[in-house]
Amino acid sequence: MALVFYSESDRFEAWRDALAEAVPDLEVHNWDAVPDPAAIEFALVWTPPHGSLRRFPNLKAILNLGAGVDALLKDDDLPPGVPIVRMVDDDLAKSMGEYVLLHALRYHREMPRMAAQQRAHEWQIVESPTARHCRVGIMGLGGMGGEAARHLLAVAFDVAGWTRGPREMSGVECFHGADGFGPFLARSDILVCLLPLTPETEGILNRDLFARLPRGAYLINAGRGGHQVEPDILEALDSGQLAGATLDVFRTEPLPPDSPFWTHPKVTVTPHNASIAHPRSAVRHVAESIRRVRAGEPLRHVVTREAGY
Ligand code: NDP
Ligand code: OXD
C-alpha cells in the first residue's frame, strides 16, 4: 500500500517520519517521486494542483491535511466517487479553542482599550463583569466550533451556537437554520465564525449580518476569508456597529501589504495560524483512516461533496 503527499505548507519529511512510526508497512512518496501511480491508494494533500489526483487510478481515499476542504473542492476534476476525509484532530481543535478563548477574553476584559490607555499614560479604571455576563455566539459547532465552545464554557461565558441542522450541546444554547439566525445574532456580544466555506456560507459576514448584532459587538473570524465581505467589516467598524474584529483569514492570503486591515486601530490580524495540524498528533487520524480502509470498515469524517463540508 502506498500514499502520496502534496502540500506547499506542510513538511513532507515530518509527515513521512510520523507515518513510518504509525503505519510501518505503508510506502510514503512525495508528489514528484512516485515510482508507480497505480500503486497509490491514499493521497494526503493540501490544495494539490487542479485535476492532478486523476493521475492515481486506484485511489481509495483523499485525506485532506486541513479541516477545511473548500480549496480542495474547488477542483472540479477530482476523481469521482473517491471519499474525501477532512482533518479531525484533538490538538487541532484544542488549538482553535485556545485561539477563540484568548481573543474572547481579550475583548471581554477590554484589552484594546487598556492598551490605548497605556499608550496615552492614562490611568482609568474600567470594570469588567465576569464572563458569564458576556454572550458569545459561535457560527458552526463542528470539530472547531465545538471545542471553542468547551473552552469558553470552562470560564463560564454565556455560549450559543448556530448550525445548519438541529444540534444539542450541553451548556450551549443551540440555534439552527434561517429561523434560528436572527435570535442567535441578537444575543451575540462576541460573534465567532467557525463555519466551513460553502456556497451557503460564502460572504455571510456582511453588512446585513452585522446590523443584526447588538451595537458594539466584536467579531472573531477563523473560518475562511471567503466568509467575509471585507468592505462591510471596515464600514461596520468605522460606524461603531462592530467594536473590534480579530481576523485570522482573508479573501487574499497572504494579506497584501496595502490592506487597510493591517493598520486599522480596531482590527487584530493573525496570519491564518489559529490552528495548524501537526503530524505528531494528526498522524493518528490519518493512520486510523488507513486502518479502516484496510479493514474494510467505513471511513469517518467523510466530506459530503454536495454540501461542501
Ligand atoms: P465541521 O465540518 O466539523 O463543522 C462545521 C460546522 O458548521 C457544523 O456545525 C455545521 O452544521 C456548520 N455549518 C455548515 N454549513 C452551515 C450553514 N450553511 N449554516 C449553519 N451552519 C453551518 O468543520 P470544522 O469545525 O472541523 O471546521 C470548520 C472550519 O474551520 C473549516 O472548514 C475551516 O474553514 C476552518 N478552520 C480554520 C482554521 C484556521 O487556522 N483558521 C483551522 C481549522 C479549521 P451541522 O452541525 O448542522 O452540520
Ligand atoms: C484548516 C486550516 O482548514 O488550517 O485546517 O485552515
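The rules we used
- Residues numbered from 1 in each chain as written.
- Chains lettered and ligands numbered in written order.
- Predicted model: local features only at pLDDT ≥ 70, side-chain atom pairs only at ≥ 80, totals over all residues.
- Heavy atoms only, no water.
- Phe/Tyr/Trp six-rings, centres within 6.5 Å; stacked < 30°, edge-to-face > 60°.
- Helix = DSSP H or I, 4+ residues; strand = E, 2+ residues; numbered from the N terminus.
- Buried < 20%, exposed > 50% of the residue type's maximum accessible area, 1.4 Å probe, protein only.
- Near = heavy atom within 4 Å.
- Polar contact = N/O pair within 3.5 Å; in protein donor to acceptor, adjacent residues only side chain to side chain.
- Areas by Shrake-Rupley, 256 points an atom, 1.4 Å probe, with all protein chains shown as cover.
- Nonpolar A, V, L, I, M, F, W, Y, C, P; charged D, E, K, R; others polar.
- Pairing = 2+ DSSP bridges.
- Axes fitted to C-alpha atoms, helices over the stretch in contact; angles between N-to-C directions.
- Parallel < 35°, antiparallel > 145°, perpendicular 65-115°, else oblique.
- Left-handed = near helix turned anticlockwise from the far one by under 90°.
- Contact = heavy atoms within 4.5 Å.
- Expected span 1.5 Å × (residues − 1).
- Right-handed = clockwise from strand over helix to strand, strands pointing away.
- Salt bridge = Lys/Arg side-chain N within 4 Å of Asp/Glu carboxyl O.

Asks: Lay out the packing of aromatic side chains with the relevant residues and their values.
Replies: The final tally for this structure, using the stated rule, is eight aromatic pairs. On the basis of an interplanar angle of 70 degrees and a centroid distance of 5.0 Å, the ring pair of Y6 and W31 is categorised as edge-to-face. Note that Y6 is positioned in strand β1 (residues 2-6) and W31 in the loop between β2 (27-30) and β3 (40-45), a separation of 25 residues in sequence. Of the two residues, Y6 and W31, neither departs from the other in class, the shared state being buried.

Asks: Describe the site of ligand 2, and please don't skip the residues or the numbers.
Replies: As a structural note, the neighbourhood of ligand 2 is formed by W46, G66, A67, G68, R224, H272 and S275. Take G68: an N or O atom from its main chain is 2.7 Å from an oxygen atom of ligand 2. At 2.7 Å from an oxygen atom of ligand 2 is found a side-chain nitrogen or oxygen belonging to R224. Considered on its own, ligand 2 offers 210 Å² of accessible surface; in the complex 83% of this is hidden by protein. The residue makeup of the shell around ligand 2, split by class, is two nonpolar, four polar and one charged.

Asks: Quick rundown of the site of ligand 1? Include the residues and the values.
Replies: Around ligand 1, a shell composed of 28 residues is seen, among which M144, G165, R167, E200 and Y309 lie nearest. At 3.3 Å, a backbone N or O of G142 approaches an oxygen atom of ligand 1. Take G143: an N or O atom from its main chain is 3.0 Å from an oxygen atom of ligand 1. Of all the elements in the fold, those that place two or more residues in the shell around ligand 1 are α5 (143-154) and β7 (158-163). Looking at the shell around ligand 1, its residues break down into twelve nonpolar, ten polar and six charged.

Asks: I'd love a proper account of the sheet that holds β1, names of residues and values included.
Replies: The parallel open sheet is built from five strands, whose spatial order is β2-β1-β3-β4-β5. Each of the sheet's edge strands pairs with one partner strand only, and the pair in question is β2 and β5 (84-85). Here β3 pairs with strand β4 (residues 61-64) via four bridges, running parallel. Residue L44 lies in a different strand from β4, and its bridge partner there is L63.

Asks: Could you give me a rundown of the packing of helix α3 (residues 90-108) against α5, with the residues and numbers involved?
Replies: In the contact formed by α3 and α5, the axes pass within 8 Å of each other and the chain directions differ by 50 degrees. Compared by their axis directions, α3 and α5 come out oblique. In the crossing of α3 with α5, the sense of the turn from one axis to the other is right-handed. Counting all contacts with α3, which are made through L92, A93, K94, M96, G97, E98, V100, L101 and A104, the residues of α5 involved are G143, M144, E147, A148, H151 and L152. When its residues are assigned to classes, the contact of α3 with α5 shows nine nonpolar, three polar and three charged.

Asks: Could you give me a rundown of the sheet that holds β7, with the residues and numbers involved?
Replies: Pairing in this open sheet of seven strands is parallel, and the strands run β8-β7-β6-β9-β10-β11-β12 from one edge to the other. Lying at the two open borders of the sheet, with one neighbouring strand each, are β8 (173-176) and β12 (267-269). Strand after strand, the sheet turns through a mean of 15 degrees between neighbouring axes, direction not considered. The pairing of strand β6 (residues 135-139) with β7 spans five bridges and is classified as parallel. Bridging across to β7, R135 finds its partner in D158.

Asks: Account for α5, naming residues and giving values.
Replies: Along its twelve residues, α5 runs 17 Å from first to last C-alpha, staying within 8% of the 16 Å computed at 1.5 Å per residue. Among all positions in α5, only M144, G145, G146, E147, A148, A149, H151 and L152 are buried. Among the structural elements, α3, β6 and β7 are those in contact with the buried residues of α5.

Asks: Kindly report on the pairing of β7, identifying the contributing residues and their values.
Replies: In terms of burial, β7 is a largely internal element, five of the six residues being buried. In the classification by handedness, the crossover that spans β6, the intervening α5 and the parallel β7 is right-handed.

Asks: Help me get a handle on the pattern of salt bridges, residues and values and all.
Replies: One pass over the full model with this rule turns up 19 salt bridges. A salt bridge links E41 to K60; the shortest N-O distance between them is 2.5 Å. Note that E41 is positioned in strand β3 and K60 in the loop between β3 and β4, a separation of 19 residues in sequence. Take K60: its relative accessible area is 37%, and that puts it in the partly exposed class. Salt bridges here are not isolated pairs; linked through shared partners, they connect E288, R291, R292 and E297.

Asks: Hey, could you go over the side chain of T246 for me, with residue numbers and the actual values?
Replies: For T246, the location among the structural elements is in strand β11 (residues 242-247). Since its relative accessible area comes to 0%, T246 is described here as buried. Not counting the four nearest positions on each side in its chain, T246 is found in contact with Y99, H103, R106, Y107, L219, I220, N221 and T268.

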